[in-house]
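Chain by chain, the residues:
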Amino acid sequence: GHNGEDLRDSIHFTKEVFLLATDNNCSIINISSRSVYGQNPNTPWTENSKLIPDSLYALAKYSSELLAETIAKYKVVFTNIRLAGLLAPTFEDRIVNKFIHYSISNKEIKIVGGKQQFAFLDVRDAAAGIIALLNIPFKNWKQIYNLGYLKSYTIKEIAETVKQVAKDYHIDVEIKKEPSDAILYAELDSTKLYQDTKWQPQYNMEQI
C-alpha cells in the first residue's frame, strides 16, 4: 500500500537493509520509481532531469535514493533504478489491464483527452533489465539508471493497440473519445542503462 504508515515502515526497512549491506560488503540495487520526476514537463526524462516528487509514494522512493547515497561513503557499490510503471496480468489497476477487461467484457473503451503519456514496462523486461545489470561489473554501475521501454505511449495509442489485438480474438472494441485538455507527462529515457548493459526491452505494447 501507499499510505503513510506503510511508507514509513518501508523506509525504516530500507534503512536496515542498507546498514546490513554496509556491514557485509554487499552491493545494492535500490528499486526507485519514475514517480520521482512527478509532472516535470521536460520529457523525455533523463537521470539528470529535475525531480518533482508530488506524492507520498514518490517522496518515499526519493528518500530511499538518498539513503543509498549516504552509504556510498562506506565504499558500498550501489545503483538506484527509476523503474517505469510495470505491466503484468495481475496488475489490475493499470489502465492497460482495464482496457483489456472492458474488451473481454464487450464494453466500450472510454478515453478522455488522448495525449496523456504513460511510461510502462513489461514485468519480464524489468526482471531482465536488472539481471543485465547484475551481469556487468558492479564497479561500472552508475548511481542512477532509468529502466523503461524504448518509448512512452499515449492513452490513445494504448486504446487503439488493445482494439487492434482484440480483433485477433474476434472481439470488436468501440473506443469512445471525449475531448479534454488533460495533460499527463511520463516518458523515460533509459539510454544509459541500455548502453552500459548492451541490453534492451523486448516487449512492446502489442506483445504485452
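The coordinates are above.
Rules used throughout
Residues numbered from 1 in each chain as written. Predicted model: local features only at pLDDT ≥ 70, side-chain atom pairs only at ≥ 80, totals over all residues. Heavy atoms only, no water. Phe/Tyr/Trp six-rings, centres within 6.5 Å; stacked < 30°, edge-to-face > 60°. Buried < 20%, exposed > 50% of the residue type's maximum accessible area, 1.4 Å probe, protein only. Lys NZ or Arg CZ within 6 Å of the ring centre and 35° of its normal. Axes fitted to C-alpha atoms, helices over the stretch in contact; angles between N-to-C directions. Helix = DSSP H or I, 4+ residues; strand = E, 2+ residues; numbered from the N terminus. Parallel < 35°, antiparallel > 145°, perpendicular 65-115°, else oblique. Left-handed = near helix turned anticlockwise from the far one by under 90°. Contact = heavy atoms within 4.5 Å. Nonpolar A, V, L, I, M, F, W, Y, C, P; charged D, E, K, R; others polar. Salt bridge = Lys/Arg side-chain N within 4 Å of Asp/Glu carboxyl O. Pairing = 2+ DSSP bridges. Core = buried A, V, L, I, M, F, W, Y, C linked by side-chain atoms within 4.5 Å. Polar contact = N/O pair within 3.5 Å; in protein donor to acceptor, adjacent residues only side chain to side chain.

Caption draft 1: Structural context of the packing of aromatic side chains. Applying the stated criterion across every chain yields a total of five aromatic pairs. Taken together, a centroid distance of 5.1 Å and an interplanar angle of 20 degrees make the contact between Y37 and W45 stacked. Each member of the pair, Y37 as well as W45, carries the same accessibility label: buried. Against the face of Y203 rests R124, its NZ or CZ located 3.8 Å from the ring centre.

Caption draft 2: Structural view of the packing of helix 1 (residues 4–23) against helix 2 (residues 56–70). Running from amino to carboxyl end, helix 1 crosses helix 2 at an angle of 10 degrees, the nearest separation of the two axes being 10 Å. As far as their axial angle goes, helix 2 and helix 1 are roughly parallel. Of the two possible hands of crossing, helix 1 and helix 2 adopt the one that is right-handed. Between helix 1, through G4, L7, I11, T14, K15 and F18, and helix 2, the contact on the second element is made entirely by L56, Y57, A60, S63, S64, L67 and A68. Counted by class, the contact of helix 1 with helix 2 contains eight nonpolar, four polar and one charged residues.

Caption draft 3: Quick peek at the environment of R34. Note on placement: R34 falls in the loop between strand 1 (28–33) and helix 2. The exposure class of R34 is buried, given its relative accessible area of 19%. Excluding residues that lie within four positions of it along the chain, R34 makes contacts with Q39, W45, R82, L83, A84, G85, A119, Y185, A186 and L188.

Caption draft 4: Examining the environment of Y102 more closely. By the secondary structure assignment, Y102 is in helix 3 (residues 95–104). On the basis of relative accessibility, which here comes to 28%, the residue Y102 falls in the partly exposed class. Measuring from C-alpha to C-alpha, the distance between Y102 and V162 comes to 10.0 Å, with 60 residues separating the pair along the chain. Once residues lying within four places of it in the same chain are set aside, the contact partners of Y102 are K107, E108 and I109.

Caption draft 5: Focus on the pattern of salt bridges. As enumerated under the stated definition, the model contains nine salt bridges in all. The salt bridge partner of D122 is R124, with a shortest N-O separation of 2.9 Å. Across the salt bridge formed by K177 and E160, the nearest N and O atoms sit 3.7 Å from each other. Taken as a pair, K177 in strand 9 (residues 175–178) and E160 in helix 5 (residues 155–167) lie far apart in primary sequence, 17 residues in all. The exposure class assigned to K177 is partly exposed, which follows from its relative accessible area of 46%. Ionic contacts of the salt-bridge type, sharing partners, join the residues K156, E160 and K177 into one network.

Caption draft 6: Quick peek at the sheet that holds strand 2 (residues 78–83). Reading across from one edge, 1-2-7 is the order of the three strands in this open sheet, with parallel pairing throughout. Sheet topology places strand 1 and strand 7 (144–147) at the edges, where each strand pairs with a single neighbour. Direction aside, neighbouring strands of the sheet carry axes that sit 25 degrees apart on average. Pairing between strand 2 and strand 7: four bridges, direction parallel. If you follow I81 over to strand 7, its bridge partner there is Y145. Lying on the sheet, helix 2 is in contact with strand 1 and strand 2; it crosses strand 1 at an angle near 155 degrees.

Caption draft 7: The arrangement of the nonpolar core in detail. I95, F99, I109, F120, L121, I158 and L193 are the most contacted members of the largest nonpolar core, which has 40 residues in total. For this core, the element with the most residues is helix 5, which contributes five residues. Apart from residues no more than four positions distant in its own chain, I95 is found in contact with F118, F120, I155 and I158.

Caption draft 8: Summary view of the side chain of Q117. The topology assignment puts Q117 in strand 5 (residues 117–118). Assessed through its relative accessible area of 14%, Q117 is described here as buried. In terms of polar contacts, Q117 uses its side chain to reach the side chain of E187, at 3.4 Å. Residue contacts for Q117: discarding those within four places in its chain leaves T43, S152, Y153, T154, L184, Y185, A186 and E187.

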